[in-house]
Amino acid sequence: MSVLIVGSTALDSIKTPQAENPRLLGGSASHASVAASFFGPVKLVGVVGADFPRRYLQLYERHGIDLQGLQVLPGKTFHWSGEYEANMNNRRTLLTELGVFETFNPTLPEAYRDTPFVLLANIAPALQHHVLDQMRRPRFVVADTMDLWLNVALPDLLKLVKRLDGFVLNDSEAQQLTGEGNVFVALKKIHRLGPTHVVIKQGSHGSILSSPQGLFICPAYPLRKVIDPTGAGDSFVGGMMGYLAAAKGPIDNHIRRAMTYGSVVASFCCEGFGLKRTTKITRAQIDGRVKELEQLTRF
Ligand code: AMP
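This is a predicted model, so every value here is computed, not measured. (Residues numbered from 1 in each chain as written. Predicted model: local features only at pLDDT ≥ 70, side-chain atom pairs only at ≥ 80, totals over all residues. Heavy atoms only, no water.)

## A look at the overall build of the chain
A tally of helices and strands in the chain yields ten helices and 13 strands. Since a compact globule built from 299 residues should have a radius of gyration of about 19 Å, the 18 Å found for the chain is in line with a globular shape. In terms of overall dimensions, the chain has C-alpha extents of about 55 × 45 × 40 Å along its principal axes. Taking all 299 residues of the chain together, 56% fall into the buried category. (Helix = DSSP H or I, 4+ residues; strand = E, 2+ residues; numbered from the N terminus. Rg over C-alpha atoms; globule rule 2.2 N^0.38 Å. Buried < 20%, exposed > 50% of the residue type's maximum accessible area, 1.4 Å probe, protein only.)

This is the structure:
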């Protein structure tokens, strides 16, 4: 089965203490779509401007990503720029130029509307709603978000969360949303907002799932060197949804393994700028790291 992914499709300019890389292919939907593409078909919904390099469109195509839902409009592509501190965890946004995103109105191609798995990757909650409104009875809908939307669009976000099967957010966002510093209490509070499946991401410490089956602690792959963590969260949720869409049978039979796959794709993402490393890996390399994680956590 395929997964529909809506989110930002961006040019990212990223600065770390070691290097500076301008106008890389980025955006939540780009990272999530490439991650999901290792497992099965992906339908992308997004918008880029006339300045979007052709080689980036070709890169999506090489990953078999369906681009019928990607609008190319006159104007500039969304441009985001961020700078990391030496610890590679703290990040400062230097610039956000919305460009064609400012007036983006995603209209789904007819062929997209019956897609069973829907990932509403990070983008304004009003747009996430708009995409969901056009879907016909999806099987499993998951959304990701960011602190910006908690600050500027909380009512929209809360309405969206009610419509979700799964909600994925990071630990500081969970704390901001619930006012609760304890992650396990925060998980319970987020369930009360609607979703049956809640995942809290904890960066290099992995992630925690709370679902009708109870808790699952998903490890992060132990990386000794992080080049650029931009998009790791999107790669995680993209890998997870791609794996779930490809699996047969009930979601809860597969979601733990799906998270582990997401975690491994995210680890590759951190090993290069933007999508440079993720676009060079193979399914066999992903399987290899999943095996290592199994060995590291078995007792
Ligand atoms: P992450 O590292 O998981 O937080 O994701 C980083 C990605 O989010 C980058 O590729 C950016 O292009 C994208 N991004 C940054 N700000 C926004 C925003 N306001 N809306 C949507 N996507 C964004």
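## Let's talk about the pairing of strand β2 (residues 10-15)
Looking down a regular strand, the side chains alternate between one sheet face and the other. Most of β2 sits out of view: five of its six residues are buried. Pairing geometry for β2 and strand β3 (residues 20-26), over five bridges, is antiparallel. Within the sheet, the bridge partner assigned to I14 lies in β3 and is N21. Between β2 and the antiparallel strand that follows it, β3, lie four residues. Bridging between β2 and strand β6 (residues 78-84) involves six bridges; their strand directions are parallel. Bridge pairing links I14 to G82 in β6. (Pairing = 2+ DSSP bridges.)

## Some remarks on helix α1 (residues 28-36)
Among the nine residues of α1, nine are classified as buried, and the element is accordingly described as predominantly covered. Three or more residues of α1 are buried, namely S28, A29, S30, H31, A32, S33, V34, A35 and A36.

## Remarks on unusual backbone geometry
Across residues other than glycine, the phi torsion is negative in most instances, and most of the peptide bonds are trans. One non-glycine residue, R23, adopts positive backbone phi at about 50°. Position of R23 relative to the elements: it lies in strand β3. Residue R23 is classed as partly exposed on the basis of its relative accessible area of 37%. A positive phi is found at R137, a non-glycine position, where the angle reads about 45°. As for its position among the elements, R137 is in the loop between α3 (125-133) and β9 (140-144). Judged by its relative accessible area of 81%, R137 falls in the exposed class.

## Here's the deal with the packing of helix α9 (residues 255-269) against helix α10 (residues 283-297)
Where α9 meets α10, the closest approach of the two axes is 9 Å, and the angle between their N-to-C directions is 115°. The pairing of α9 with α10 is recorded here as roughly perpendicular in orientation. With respect to the hand of their crossing, α9 and α10 are arranged in right-handed fashion. For the pair α9 and α10, the contacting residues are R257, T260, Y261, S263, V264, V265, S267 and F268 in the first and R283, Q285, I286, D287, R289, V290, L293 and E294 in the second. Among the residues forming the contact of α9 with α10, the class breakdown is seven nonpolar, four polar and five charged. (Axes fitted to C-alpha atoms, helices over the stretch in contact; angles between N-to-C directions. Parallel < 35°, antiparallel > 145°, perpendicular 65-115°, else oblique. Left-handed = near helix turned anticlockwise from the far one by under 90°. Contact = heavy atoms within 4.5 Å. Nonpolar A, V, L, I, M, F, W, Y, C, P; charged D, E, K, R; others polar.)

## Some points on the site of the ligand
Around the ligand sit 18 residues, and of these S8, D12, G27, R91 and G231 come closest. With respect to the ligand, the side chain of S8 contributes an N or O atom lying 2.8 Å from a nitrogen atom. Here G27 contributes a backbone N or O atom positioned 2.7 Å from an oxygen atom of the ligand. Its free accessible area being 510 Å², the ligand has 87% of it covered by the protein chains. Within the shell around the ligand, the residues separate by chemical class into seven nonpolar, eight polar and three charged. (Near = heavy atom within 4 Å. Polar contact = N/O pair within 3.5 Å; in protein donor to acceptor, adjacent residues only side chain to side chain. Areas by Shrake-Rupley, 256 points an atom, 1.4 Å probe, with all protein chains shown as cover.)

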